[in-house]
Number of protein chains: 2
Amino acid sequence: MTMDRRDFLTASSALGAAAAATTGARAQPRRRTSWRRIAVEEAFWTPAVAEAQRALGLSSSRSLDFKTTRGTCDPRTPLYRGLTDFDERLRVMDRDGVAMHLLSLTTPGVQMFDPETGTAMAHISNDHLADVIARHPTRFAGLGCIAPQSPKEAVKEMERSIRQLNLSGFIINSHTDGEFLDAPKYWPILEAAEGLDRPIYLHPRSPPDSMLEPFDDYGFHNARWGFQAEISTHIMRMHAGKVFDRFPKLTIVIGHMGEGLFGNLWRIDHMSDAGRKRRTDPRSPDLTLSEVLKRNFYITTSGVEHAPLMRFVMDQFGVDRMMWAIDYPYEDSARATAFMNQVDIPDAHKAQLFHLNAERIFRLPTV
Amino acid sequence: MTMDRRDFLTASSALGAAAAATTGARAQPRRRTSWRRIAVEEAFWTPAVAEAQRALGLSSSRSLDFKTTRGTCDPRTPLYRGLTDFDERLRVMDRDGVAMHLLSLTTPGVQMFDPETGTAMAHISNDHLADVIARHPTRFAGLGCIAPQSPKEAVKEMERSIRQLNLSGFIINSHTDGEFLDAPKYWPILEAAEGLDRPIYLHPRSPPDSMLEPFDDYGFHNARWGFQAEISTHIMRMHAGKVFDRFPKLTIVIGHMGEGLFGNLWRIDHMSDAGRKRRTDPRSPDLTLSEVLKRNFYITTSGVEHAPLMRFVMDQFGVDRMMWAIDYPYEDSARATAFMNQVDIPDAHKAQLFHLNAERIFRLPTV
């Protein structure tokens, strides 16, 4: 009996696997260390928008957003520099081996201005973003911001963002004036996203005034707590409002390893599934939240460096729909990159998280 | 070379393990099927309290709780029967092989009445509960309800519940008038629980009026969504309010596989840990939320029949601090019991969840 090279390799591999199984050790191939790293929830400010937001905060009420933006709109803060200085950002990216940032206007974007100002600010900001990308087309891509407070103008800006500015999707910083995307007035925006076949990145915003009080006195206006309650309620409202029945091809990206939903998901499905079966509520959506998440949502890892939760979400949700993100400059780029470099998941999954899925979902140029 | 019986068994076992490892199958010892099953979040109504709650709902405002209690306070509903008929309950327990229910007054308990009525109702309800237990001392144990709206009287009722009525701890149905247990006015209650060395079961309640609006129009007043946002905010407020620095031996039981917190926990720790290290907030607690959960909290499985989430929470939190619960009559007793009977965890862990931990934590009689 002769054995050619391929047979020999197959046999060796099988023997190796058997040996590893017998001793209880897993076969550990040399791990890949070089990746195209694309981070997809990376924040920036357009200075004119930041200044307008700062001015609004000085003249306005106690909205929790003004606590969130106090540190980001002040040109003297390190966060402001991180959000506006693209040379510094490129140095950090080079240092950490990050190929590309997918940029999005930081929360609350242009969503607190009156409709006319918001629309104008979105235009200014998207031009600024397109200019940054034009100067570094291999290092930056971006999401067009919109002012949902003027849905008709928002749709025009979405079309301009994709067709003229060549952006990769849209950023909506969650609620607008305490209203969520289940409200029919916003449905032209969802229709446009579906028609343009680009995702909406739904980023948290501070809880609206309509639920402010329990989040106010301990500083639960941001990612310590508050963001989580706000955005998960937003997603629940979109689901309950049958948005995904009406727009079955709409795609939504959410960050922070699923915004906490995976700790509640089975129970949410269970309670709403029961409601669906009993047909007690004619408004009940056609699909469970789990089903909608797996059809219409993508999830990023932004701000979470916890391998057990990553694996749990991967198992529940599927690695095909997950992407890596840093949440720069709010999170440390070096630490977020090191976590993803070393996390113990198969290289094939790491490639999906680091770049393959982002290239596909946001139609980014491949190299 | 001779081999005695012990050597032979050891060698066989090693061979069996090696064979199992090679084929990828795990050795499956015969699983235990008989357990002392104690369910620890089992709801009941005292008819007089249900009637007072119903009357309050007819005369009052749009509080979300009245949506929650519409189905539970009406004697014509199956839920009301489930909450009040103990003969029927015993038949269900016998059918499913459940040894004991740890009973607690269903949400919102006596917490919506004026202080005097609430105090009186708590007294009536705890007497009713003690009477039910006296009639079936091997089948029922219970938690004393209190009216936090009168903290001084609540402390007296806590002492009476333990010392005279021989109850096993306390039930607080989350917020009271939109205030949470971080408010210093409630600290005598926490001090009493610590002093009496019994746990407080913190059960969700509908979101308070101060955060009502986003939870109102889609029916997010209960466990579909709303309960989750309300109780996780309550726990966050207790942590941020340094309750567990002040009462380091206070023990809190939460249900529903950790009330969703485990989907957010790493990020919450990360954000508040950063705050702690920067010492930007002198009110910052001494321990992270994770550390507090592992020191001061117990978790029950109520209403969640999802093995992956159970294993994830067990890994993160520890099986020593977890207990089984059905959430009768809101959840199906047969299904909840079947889930726990068959879930693929070691028998030693199943014994802890089914009864050993509950016996220890609530000081229940063992058999």
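Residues numbered from 1 in each chain as written. Chains lettered and ligands numbered in written order. Predicted model: local features only at pLDDT ≥ 70, side-chain atom pairs only at ≥ 80, totals over all residues. Heavy atoms only, no water.

(A) Broad picture of the environment of B:Arg335. Relative to the helices and strands, B:Arg335 resides in helix α16 (residues 333–342). The exposure class assigned to B:Arg335 is partly exposed, which follows from its relative accessible area of 34%. Beyond its immediate sequence surroundings of up to four residues, B:Arg335 is in contact with A:His270 and B:Glu305. (Helix = DSSP H or I, 4+ residues; strand = E, 2+ residues; numbered from the N terminus. Buried < 20%, exposed > 50% of the residue type's maximum accessible area, 1.4 Å probe, protein only. Contact = heavy atoms within 4.5 Å.)

(B) Highlighting the packing of aromatic side chains. Using the criterion set out here, one finds 17 aromatic pairs over all chains in the structure. For the pair A:Trp187 and A:Phe247, a centre-to-centre distance of 6.0 Å together with 90° between the ring planes defines the contact as edge-to-face. One end of the pair, A:Trp187, is in helix α8 (residues 187–196); the other, A:Phe247, is in the loop between α11 (243–246) and β7 (252–254), with 60 residues separating them in the sequence. Each of the two residues, A:Trp187 as well as A:Phe247, counts as buried. For the ring pair A:Phe262 and A:Phe317, a centre distance of 5.9 Å and an interplane angle of 75° mean the geometry is edge-to-face. Of this pair, A:Phe262 sits in the loop between α12 (256–259) and α13 (265–278) while A:Phe317 is found in helix α15 (residues 307–317), placing the two residues 55 residues apart along the sequence. Aromatic ring contacts, followed pair by pair, group A:Trp35, A:Trp324 and A:Phe354 into a single cluster. One cation-aromatic arrangement involves A:Arg37 over A:Phe354; the distance from NZ or CZ to the ring centre is 5.2 Å. Positioned above the aromatic ring of B:Tyr298, the side-chain terminus of B:Arg321 is 4.6 Å from the ring centre. (Phe/Tyr/Trp six-rings, centres within 6.5 Å; stacked < 30°, edge-to-face > 60°. Lys NZ or Arg CZ within 6 Å of the ring centre and 35° of its normal.)

(C) Broad picture of the interface of chain A and chain B. Listed by partner, the interface residues are 50 residues for chain A and 50 residues for chain B. Contact between chain A and chain B buries roughly 4,900 Å² in total, counting both sides, with carbon and sulfur atoms accounting for 59%. Where chain A touches chain B, the interface holds 4 salt bridges. Connecting chain A to chain B are 14 residue pairs in polar contact (both at pLDDT 80 or more). When residues of the side of chain A that touches chain B are traced back to their parent elements, those giving at least two are α1 (5–23), α9 (213–216), α10 (227–240), α12, α13 and α15 of chain A. Looking at the side of chain A that touches chain B, its residues break down into 21 nonpolar, 16 polar and 13 charged. (Buried area = accessible area lost by both parts, 1.4 Å probe. Salt bridge = Lys/Arg side-chain N within 4 Å of Asp/Glu carboxyl O. Polar contact = N/O pair within 3.5 Å; in protein donor to acceptor, adjacent residues only side chain to side chain. Nonpolar A, V, L, I, M, F, W, Y, C, P; charged D, E, K, R; others polar.)

(D) Structural detail: the pairing of strand β2 (residues 100–105) of chain A. Residue and element names in this part refer to chain A. Among the 6 residues of β2, 6 are classified as buried, and the element is accordingly described as predominantly covered. Here β2 shows no split at all, with Met100, Leu102 and Ser104 on one side and His101, Leu103 and Leu105 on the other all buried. In this structure, strand β1 (residues 38–44) lies alongside β2, joined through 5 bridges in parallel fashion. Bridge assignment links Ala39 to a residue of β2, and that residue is His101. Summarising the sheet, β2 and strand β3 (residues 140–142) pair through 3 bridges and their orientation is parallel. Within the sheet, the bridge partner assigned to Leu102 lies in β3 and is Ala141. (Pairing = 2+ DSSP bridges.)

(E) Seen up close, the relation of the copies chain A and chain B. At an RMSD of 0.0 Å, chain A and chain B line up after a rotation of 180° and a shift of 0.0 Å along the axis. Such a combination of turn and shift is consistent with a two-fold rotation axis. Most of the interface of chain A is mirrored in chain B: 100% of its interface residues are interface residues there too. (Least-squares fit on C-alpha atoms with pLDDT ≥ 70 in both.)

(F) Focus on the packing of helix α7 (residues 151–163) of chain B against helix α8 (residues 187–196) of chain B. Residues and elements named next belong to chain B. Remark: α7 packs on α8, axes separated minimally by 9 Å, with the N-to-C direction vectors making an angle of 20°. It follows from the interaxial angle that α7 and α8 lie roughly parallel. Between α7 and α8 lies a crossing whose hand is right-handed. Where α7 abuts α8, its residues Pro151, Ala154, Val155, Met158, Glu159, Ile162 and Arg163 lie against Pro188, Ile189, Ala192, Ala193 and Leu196. Per-class residue counts for the contact of α7 with α8 are 10 nonpolar, no polar and 2 charged. (Axes fitted to C-alpha atoms, helices over the stretch in contact; angles between N-to-C directions. Parallel < 35°, antiparallel > 145°, perpendicular 65-115°, else oblique. Left-handed = near helix turned anticlockwise from the far one by under 90°.)

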